[in-house]
Each structure stands twice: as structure tokens, then as C-alpha cells.
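Observations on the three-dimensional arrangement
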Amino acid sequence: MLMEEETCLDCKRPTITVIDHSSGDTICSECGLVLEAHIIEYSEEWRTFASDDNRSDRDPNRVGAPTNPLLKSGNLVTVIEKPKENVSSVVSKDDISTLCRTQNQVKNHEEDLIKKAFEEIQRMTDALYLNIAVNSRACEIVSKFGGHANTKLRRGKKLYAVCAASVSMACRELKLSRTLKEIAMVANGVELKDIRKSSMVIKRVLESDQASVSAAQAIINTGELVRRFCSKLDISQREIMAIREAVEKAENFDIRRNPKSVLAAIIFMISHISQTNRRPIREIGIVAEVVENTIKNSVKDMYPYALKIIPNWYACEAEIIKRLDGVITSWDSAKNSV
């Protein structure tokens, strides 16, 4: 059991709590209240596998390492060892050998390479006396190779080159002075030109990841704006659903406008098609913090994609063309008359 100090809800003050690892409960030592139940232990597990008949060896064995979020499996795997000589077992040796062969067939060899890369990065960072932050960032860079078909890890010196380039990239990001020559000295004979080639590959991988993250972030930000803007404009639930769907579809087209302008234009188009819930363009501009002319130009830019963006369950094609074409024509006429 482990004793710690924590605030008890019944005692209304910090008290000594007892963590019972057998049941996974955190208990207040004064009132007996269970503050937290079924705690999950994420550290290494130690167990004794010695049989009851043989008590000579009671040394515990480590049951796997902690979970690793950089691996797809989380480092939660089962290992079947080959049968040992002169050891009695309920399962026959032939069955164990069959299980071992089956496991090798379904084994994720790509993840094994990533684990090997992690070990190599650990060795390099230890040899260069680098801190754990560099090690963690280099491992994170290497783990990104698993999601790119054209940049799979390779065995041998190519793997060492990728590890060395990842350590170099991590040092640059964390502003630590380590030259490529210093890193190459601990890279198992990898030449500088190979490390430079791997560095170029890593840059492309990181740039593609950054681009995908930026695109996803734009969708998330626009989705958050939909709820806020529609709430201020008092738009009905049916129109909100249409606006959300139109925003998601608009991401598939090359509309070179910022998220606020796109959202303001979609709100105007959806509300203008509606017979009862129309919102003036000036009111939409105030809520979205976008000037009226920008909204008008955004509507014109998005009009060619209107039939594909606006949900067909909200309005038919004829109605969409009639409503939007009419308002755009009126804008052009007003502009020409001036």
C-alpha cells in the first residue's frame, strides 16, 4: 500500500489517503471514503512465474514494458517463447512450436523496426549526453514513418541513418548544438551524405503531417464558429444542420477564402434560400466580423459550387439557382448603376 495526501470530499480538507493496489482503490485514512476506484497502473508489472513445486527460484520477472503511445499497438503484445529442453509443460512442444510459427507470420515487422529504431536513438542520445526531451522528440519523428507508404523504414545502415537524422532534427528544434559530424561518430559507421539524405526525407514527412494538421485544424475552427455564429443569429436547428453540412462539403473545393468569410457566405446562402428565416447580410457581417463586400465576393466565388455544397434535402436545384442567381444579379446591377 502507498500513502499520499489528498483532499477528501467528506472531510473537506487534505487528509492522508491509502492506495490499495490489490483492489485499485484510493481510500481516506480518516473517514474510510473511497475517493477513486479501479485505478489503472501504467508502470511495469512484476510477477513470479515459479511453480509451487520448485521454490528455489522466486525472482520476479518483468511482464512487458509500459504502454508506448508512439506505437500502434501501444507496446501491448504477447510473446510466445520457444519450448525449452527438460522442462515439463501441459502443452506439448509441437503445439508451442506451431504457435511460435503462427505468431511470426502475423507479427508486425514494421513495428519491430520502429522499436529497434527507438533503441538505437536511446543509444545515440546516451552517447551524446543528450536529455530525454531530445530522445522523445527523435522517437516521435521516427514513429511518423509508419504512416507513410513511400517512407518505410529499412534495416541496416538506412535505419541508422534515419535515427541519426531524427536526433539531429530534434536537436535543432530544441536548439541544442550538435553537429552532423558529432552525430555521425555514434551512428554505427553511417556516412554524412546518408544522414543528409534521411534529413531531407524527414523534412518532407514533417511538412506533409503539418499540412494535414493545418487542414484538420481549419475544419475544427470552422465547426466551432458555426455553433457560435448561428446562436447569435438565432438560426433554427434545420438551418444549422444545413450550414454544418455545407461547411464540411466546402472543404473539398478550392475556395481561397478564410474560414470566417466562407462560413459567413454559407450562412447567407442558406438563410437566403429559406422563406421564413432570412438574415440580412449586414447582420451576418457584424456577427462574423466580416465586411459586407467580402461576404458578397465570397458568395460569388462559391456560387459555382452551390449545388454541390448546399444539401439537396434542404433545397432543390431549381430553388437554389433561382434564389442565389437573383441576389447576385441584383448586386451586379446595383454596382453597375453606381
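That block above? That's the structure.
Described below are features of the structure shown in this document. (Residues numbered from 1 in each chain as written. Predicted model: local features only at pLDDT ≥ 70, side-chain atom pairs only at ≥ 80, totals over all residues. Heavy atoms only, no water.)

**Observations regarding the overall build of the protein**
In terms of helices and strands, the protein carries 12 helices and 6 strands. Counting across all 338 residues of the protein, residues that qualify as buried make up 35%. Taking as baseline every contact in the protein between residues at least 6 positions apart, the subset at least 24 positions apart corresponds to 54%. Carbon and sulfur atoms provide 51% of the accessible area of the protein, an area that totals close to 21,700 Å². (Helix = DSSP H or I, 4+ residues; strand = E, 2+ residues; numbered from the N terminus. Buried < 20%, exposed > 50% of the residue type's maximum accessible area, 1.4 Å probe, protein only. Contact = heavy atoms within 4.5 Å. Areas by Shrake-Rupley, 256 points an atom, 1.4 Å probe, with all protein chains shown as cover.)

**Digging into helix H10 (residues 292-302)**
Every buried residue of H10 is listed here: Ile295, Ser298, Val299 and Met302. Along H10, the residues classed as buried sweep out an arc of 100 degrees about the axis, all on the same side. (Arc of directions from axis to C-beta.)

**Describing the nonpolar core**
The biggest cluster of nonpolar side chains holds 41 residues, and the ones touching the most others in it are Ile243, Ile266 and Ile310. Put simply, the parts of the chain that give this core at least two residues each are helix H6 (192-233), helix H7 (237-250), helix H8 (259-273), helix H9 (281-288), H10, helix H11 (306-309) and helix H12 (317-337). In terms of residue count, the dominant contributor to this core is H8 (10 residues). Once you skip the residues sitting within four places of it in the chain, Ile310 turns out to touch Met269, Ile270, Ile273, Ile320 and Leu324. Grouped together as the second largest cluster of nonpolar side chains are 34 residues, Leu130, Ala165, Met169 and Ile202 included. (Core = buried A, V, L, I, M, F, W, Y, C linked by side-chain atoms within 4.5 Å.)

**Quick notes on the packing of aromatic side chains**
Taken as a whole and judged by the stated rule, the model has 3 aromatic pairs. Ring geometry for Trp313 against Tyr314: centres 6.1 Å apart, planes inclined by 90 degrees, an arrangement best described as edge-to-face. (Phe/Tyr/Trp six-rings, centres within 6.5 Å; stacked < 30°, edge-to-face > 60°.)

**Structural notes on unusual backbone geometry**
Phi angles above zero are rare outside glycine, and Tyr129 is one such case at about 60 degrees. Relative to the assigned elements, Tyr129 resides in the loop between helix H2 (109-127) and helix H3 (132-143). The exposure class of Tyr129 is exposed, given its relative accessible area of 73%. For Lys175, which is not a glycine, the phi torsion comes out positive at approximately 60 degrees. Tracing the backbone through its elements, the reader meets Lys175 in the loop between helix H4 (157-173) and helix H5 (180-184). Classification of Lys175 by relative accessible area gives exposed; the value is 77%.

**So, the side chain of Ser143**
Mapped onto the secondary structure, Ser143 falls in helix H3. A distance of 2.6 Å separates a polar side-chain atom of Ser143 from the backbone oxygen of Glu140. (Polar contact = N/O pair within 3.5 Å; in protein donor to acceptor, adjacent residues only side chain to side chain.)

**A closer look at the pairing of strand E2 (residues 13-20)**
As defined by bridge partners, E2 adjoins strand E3 (residues 25-28) across 4 bridges and the pair is classed as antiparallel. Its bridge partner being in E3, Thr17 is matched across the sheet by Cys28. In textbook terms, the turn of a hairpin is the stretch between consecutive antiparallel strands, and for E2 and E3 this stretch comprises 4 residues, one of which, Gly24, has a positive phi near 75 degrees. (Pairing = 2+ DSSP bridges.)

**Some remarks on the environment of Lys158**
You can see Lys158 is positioned in helix H4. Measuring from C-alpha to C-alpha, the distance between Lys158 and Ile195 comes to 8.8 Å, with 37 residues separating the pair along the chain.

**Focus on the environment of Glu191**
Relative to the helices and strands, Glu191 resides in the loop between H5 and H6. Among the residues examined, Glu191 registers a relative accessible area of 45% and is labelled partly exposed. With 11 residues separating them in the primary sequence, Glu191 and Leu180 have C-alpha atoms 9.7 Å apart.

**Some points on the packing of H8 against H10**
Direction vectors running N to C along H8 and H10 enclose 75 degrees, while the axes themselves pass 8 Å from each other. Classed by the angle they form, the pair H8 and H10 counts as roughly perpendicular. Of the residues in H10, those touching H8 at Ser261, Val262, Ala264, Ala265, Ile266, Phe268 and Met269 are Thr294, Ile295, Ser298, Val299 and Met302. Tallied by class, residues from the contact of H8 with H10 come to 9 nonpolar, 3 polar and no charged. (Axes fitted to C-alpha atoms, helices over the stretch in contact; angles between N-to-C directions. Parallel < 35°, antiparallel > 145°, perpendicular 65-115°, else oblique. Nonpolar A, V, L, I, M, F, W, Y, C, P; charged D, E, K, R; others polar.)

**Things to note about the pairing of E3**
In terms of strand pairing, E3 meets strand E4 (residues 34-36) through 2 bridges, oriented antiparallel. Its bridge partner being in E4, Ile27 is matched across the sheet by Val34.

**What about the packing of H7 against H8?**
The interhelical angle for the contact between H7 and H8, taken along N-to-C directions, is 135 degrees, at an axis separation of 10 Å. When the interaxial angle is binned, H7 and H8 end up oblique. Between H7 and H8 the crossing geometry is right-handed. For the pair H7 and H8, contact is made by Glu239, Ala242, Ile243, Ala246, Val247 and Ala250 and by Val262, Leu263, Ile266, Ile267 and Ile270, respectively. Within the contact of H7 with H8, the residues separate by chemical class into 10 nonpolar, no polar and 1 charged. (Left-handed = near helix turned anticlockwise from the far one by under 90°.)

**Remarks on the pattern of salt bridges**
In a structure, side chains of opposite charge can pair up when their charged atoms sit close to one another. One pass over the full model with this rule turns up 8 salt bridges. Across the salt bridge formed by Glu173 and Arg137, the nearest N and O atoms sit 2.6 Å from each other. Note that Glu173 is positioned in helix H4 and Arg137 in helix H3, a separation of 36 residues in sequence. Among the residues examined, Glu173 registers a relative accessible area of 38% and is labelled partly exposed. Its relative accessible area of 19% is what places Arg137 among the buried residues. (Salt bridge = Lys/Arg side-chain N within 4 Å of Asp/Glu carboxyl O.)

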